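Tertiary structure, described
Each chain is listed here by its residues.
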Amino acid sequence: MTDTQRPYRAICFDLDGTLLPMDLDEFMQSYFKIIYDFMSTRGIDGGAFLEALQRGTRAMVVHDDGATNEEAFWTEFFKHADPEAADWEALLTEFYEGPFGELGAGVTPNPATAQALETLRAKGYPLVLTTMPMFPPQAVRWRLQWAGVDPDWLERLTTYDNSTTVKPQPRYYAENVAALGVNGDDVLMVGNNTVEDLAFMDIGADGYLITDWLLDPTEGFDLDRVKHGSMEDFARWVETLPPCANPATDIDPGSIARATAEAVLAANTTAAADAEAAARYARSSADNAPFPATAKE
């Protein structure tokens, strides 16, 4: 592994398995149960709701029309749920602002996570959360809090309302480079998934793999290709970084025009960024997501 330190202008972080120490499949099962119960107590058929939720979730992964993931979700959701049956957006807002937060009760944050981020902030590095953008903002903020991270430490959070695609699509990362107003090689991506997170390297970013909850979908990634270590290792490593000499400024927290993202791709792609392969991976992940059986039938 070559430990060359670039003059980073921003640091991007994955959430699940990186900042947030949890088993994602177990979390999703708890999430489905609590949202099923929430809807059922309000007179909504929980099974039918989960079906519509699953369909809308898959739509966020497979659409390629320039709409935000939020728009793709609701368009598909209303093909499977009666728009007049409830004030759906109000219900989901109530859920994510309240019961969703209870899911973090059993999470024990890793103190090294906050330590690493505080060190980077003290050195002047802008921090961005590049998590899978399939949740609304409040849900993402809850999950950061479970990790012991103040959401306000990060200048951009990818959520379903400000993103038009998902990992590992090259355009997802291009949107974030555009939002930062930098080049791809100005960024360090910190994640735990050798496919979803390291796809950022295809448009020039450097990478650091957190190995505590390492995911290697290809089952053969050579860790020596990138910097890697536990979150504790990462916290020690960031101590060695110099102060940020030229931080990204005016970071855009909102959605990015498709043409802008495409221009970033054209200017920054350094490897054979295979958008179709990324799309197949994302579709396969959506089709194999741990939804309850009643939502897959």
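To start, this report covers the structure provided alongside it. The structure presented is a predicted model; accordingly, all values stated were derived computationally and were not measured.

This paragraph deals with the pairing of strand β1 (residues 10-13). By the alternation rule, side chains of β1 split into A10 and C12 and I11 and F13, which are all buried. Sheet topology note: the β1/strand β4 (residues 187-191) ladder contains 4 bridges and is parallel. Within β4, the residue paired with I11 across the bridge is L188. As paired elements, β1 and strand β2 (residues 127-129) share 3 bridges and run parallel to each other.

Moving on, we get to the pattern of salt bridges. It is possible for side chains bearing opposite charge to pair when their charged atoms get close. As enumerated under the stated definition, the model contains 14 salt bridges in all. Note that R171 and D64 form a salt bridge whose closest N and O atoms lie 3.3 Å from each other. Here R171 is found in helix α7 (residues 170-180), whereas its partner D64 is found in the loop between α2 (46-62) and α3 (69-77), with 107 residues between them in sequence. Its salt-bridge partner being D152, residue R141 comes within 3.2 Å of it at the nearest N-O pair. Of this pair, R141 sits in helix α6 (residues 137-146) while D152 sits in the loop between α6 and β3 (156-157); the two residues are 11 residues apart in sequence, bridging distant segments of the chain. Each member of the salt-bridge network shares a partner with another, and the members are D64, R171, R258 and E262.

F13, Y31, F49, F100 and F234 are the most contacted members of the largest nonpolar core, which totals 68 residues. With 8 residues, the single largest contributor to this core is helix α1 (residues 24-40). Among residues more than four places away in sequence, those in contact with F13 are L19, L117, L120, L127, V128, L129, T130, T131, M189, V190 and F234. Ranked by size, the runner-up nonpolar core spans 23 residues in total, among them C12, V128, A178 and A205.

Note on placement: Y96 falls in helix α4 (residues 88-97). Sequence spacing of Y96 and I35 is 61 residues, and the spatial spacing of their C-alpha atoms is 9.3 Å. Excluding residues within four positions of it along the chain, Y96 makes contact with Y31, F135, P136, Q138, A139 and W142. Within the local environment of Y96, its side chain forms a polar contact with the side chain of Y31, the two groups lying 2.6 Å apart.

Because an α-helix completes one turn every 3.6 residues, residues spaced three or four positions apart along the sequence face the same direction. Between its first and last C-alpha, α2 extends 24 Å over 17 residues, near the 24 Å set by a 1.5 Å rise per residue. Of all 17 residues in α2, 13 are buried; the element is thus mostly enclosed.

Across the sheet, 6 strands lie side by side as β3-β2-β1-β4-β5-β6; this open sheet has parallel pairing. In this open sheet, the two edge strands, each paired with only one partner strand, are β3 and β6 (227-229).

Bringing the environment of T18 into the picture now. Along the chain, T18 falls in the loop between β1 and α1. Between the C-alpha atom of T18 and that of P126, which follows or precedes it by 108 residues, the distance is 18 Å. If we skip the residues at most four places from it in the chain, T18 touches T113, V190, G191, N192, I210 and M231. Within the structure, T18 has its side chain in polar contact with the side chain of D14 (distance 2.8 Å).

Here the focus is the packing of aromatic side chains. Scanning all chains against the criterion turns up 29 aromatic pairs. Ring geometry for F100 and F135: centres 5.8 Å apart, planes at 55 degrees, overall tilted. Of this pair, F100 sits in the loop between α4 and α5 (111-122) while F135 sits in the loop between β2 and α6, and the two are 35 residues apart along the sequence. Exposure class is identical for F100 and F135. Each is buried. Ring pairing ties together the aromatic residues F27, Y31, F32, F38, F95, Y96, F100, F135 and W146, which thus form one cluster.

Reading guide: rules and limits
- Residues numbered from 1 in each chain as written.
- Predicted model: local features only at pLDDT ≥ 70, side-chain atom pairs only at ≥ 80, totals over all residues.
- Heavy atoms only, no water.
- Buried < 20%, exposed > 50% of the residue type's maximum accessible area, 1.4 Å probe, protein only.
- Helix = DSSP H or I, 4+ residues; strand = E, 2+ residues; numbered from the N terminus.
- Pairing = 2+ DSSP bridges.
- Salt bridge = Lys/Arg side-chain N within 4 Å of Asp/Glu carboxyl O.
- Core = buried A, V, L, I, M, F, W, Y, C linked by side-chain atoms within 4.5 Å.
- Contact = heavy atoms within 4.5 Å.
- Polar contact = N/O pair within 3.5 Å; in protein donor to acceptor, adjacent residues only side chain to side chain.
- Expected span 1.5 Å × (residues − 1).
- Phe/Tyr/Trp six-rings, centres within 6.5 Å; stacked < 30°, edge-to-face > 60°.

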